[in-house]
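Given next are the chains, with one letter for each unit.
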Amino acid sequence: MVIPLTDINFRKEVLEEKGKPVLVDFWAPWCGPCMIVSPIVEEISMEYAGKVKVCKLNVDEAPVTATDYGVMAIPTLIIFKDGEEKERIVGAVPKETIVEKLKNYIEE
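Small disclaimer: the values here were computed from a predicted structure and weren't measured.

Peer 1: Could you give an account of the sheet that holds strand 1 (residues 2–5), naming the residues involved and the relevant values?
Peer 2: Read from one edge of the open sheet, five strands run 1-3-2-4-5, paired in mixed fashion. Across the chains shown, the open sheet's two edge strands, defined by having one partner strand only, are strand 1 and strand 5 (84–90). Looking at each pair of strands side by side, their axes are set apart by 25° on average, direction ignored. Here six bridges tie strand 4 (residues 76–81) to strand 5, and the two strands are oriented antiparallel to one another. Note that in strand 5 the partner of Thr-76 across the bridge is Val-90.

Peer 1: How would you sum up the packing of helix 2 (residues 32–47) against helix 4 (residues 95–103)? Please name residues and give values.
Peer 2: Look at helix 2 against helix 4: their axes get within 10 Å of each other, and the N-to-C directions meet at 40°. What the angle tells us is that helix 2 and helix 4 run oblique. In this structure, the crossing between helix 2 and helix 4 has a hand that is right-handed. Here Ile-40, Glu-43, Ile-44 and Glu-47 of helix 2 lie close against helix 4, whose contacting residues are Lys-95, Ile-98, Val-99 and Leu-102.

The rules behind the values
- Counting starts from 1 at the beginning of each chain's written sequence and moves along it residue by residue.
- Totals for whole chains, interfaces and linings use every residue, but because this is a predicted model, local features are given only for residues with pLDDT of at least 70 and side-chain atom pairs only at 80 or more, for both listing and counting.
- Just so you know, side-chain values use all the structure's heavy atoms and leave hydrogens and water out.
- In this description, strands pair whenever DSSP reports at least two bridges between them.
- Helix and strand definitions follow DSSP, with helices as H or I runs of at least four residues and strands as E runs of at least two, each counted in order from the N terminus.
- Only the contacting stretch of a helix is used when fitting its axis, a line to C-alpha atoms as for every element, and angles between N-to-C directions run 0 to 180 degrees.
- By definition in this entry, angles of less than 35 degrees are roughly parallel, angles greater than 145 are roughly antiparallel, angles of 65 to 115 are roughly perpendicular, and the rest are oblique.
- We call a crossing left-handed when the near helix sits turned anticlockwise from the far one by less than a right angle, and right-handed when that turn is clockwise.
- Any two residues whose heavy atoms approach within 4.5 Å at even a single point are treated as in contact.

Following this line, the structure appears as structure tokens:
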């Protein structure tokens with residue numbers, strides 16, 4: 001399940017999550033490359049359910065958070081662990097690239 005984020009729930013859903021990594025997809029509905037990444041993010045949320053928390057943040061609806069994290073281009077995927085940014089992926093990339101980076105933070 002992909003959790004929609006806002007400026008209001010970002011802290012609770014991402015920064016206060018302990019233990020498992022949180023993948024945040026910064027996107028917008030008008031962004032073509034974002035539409036390519038979106039189904040990949042959905043797949044990851046199902047395949048890694050319980051191991052990874054997957055969230056999406058629409059930069060048009062949550063501009064404060066996007067600005068706070070210096071998101072200048074979308075899609076931007078940021079992996080958080082225990083409230084800290086660990087990895088950042090900018091642009092449309094293959095699923096394997098995202099999973100490879102995520103696996104560094106998944107506790108078996």
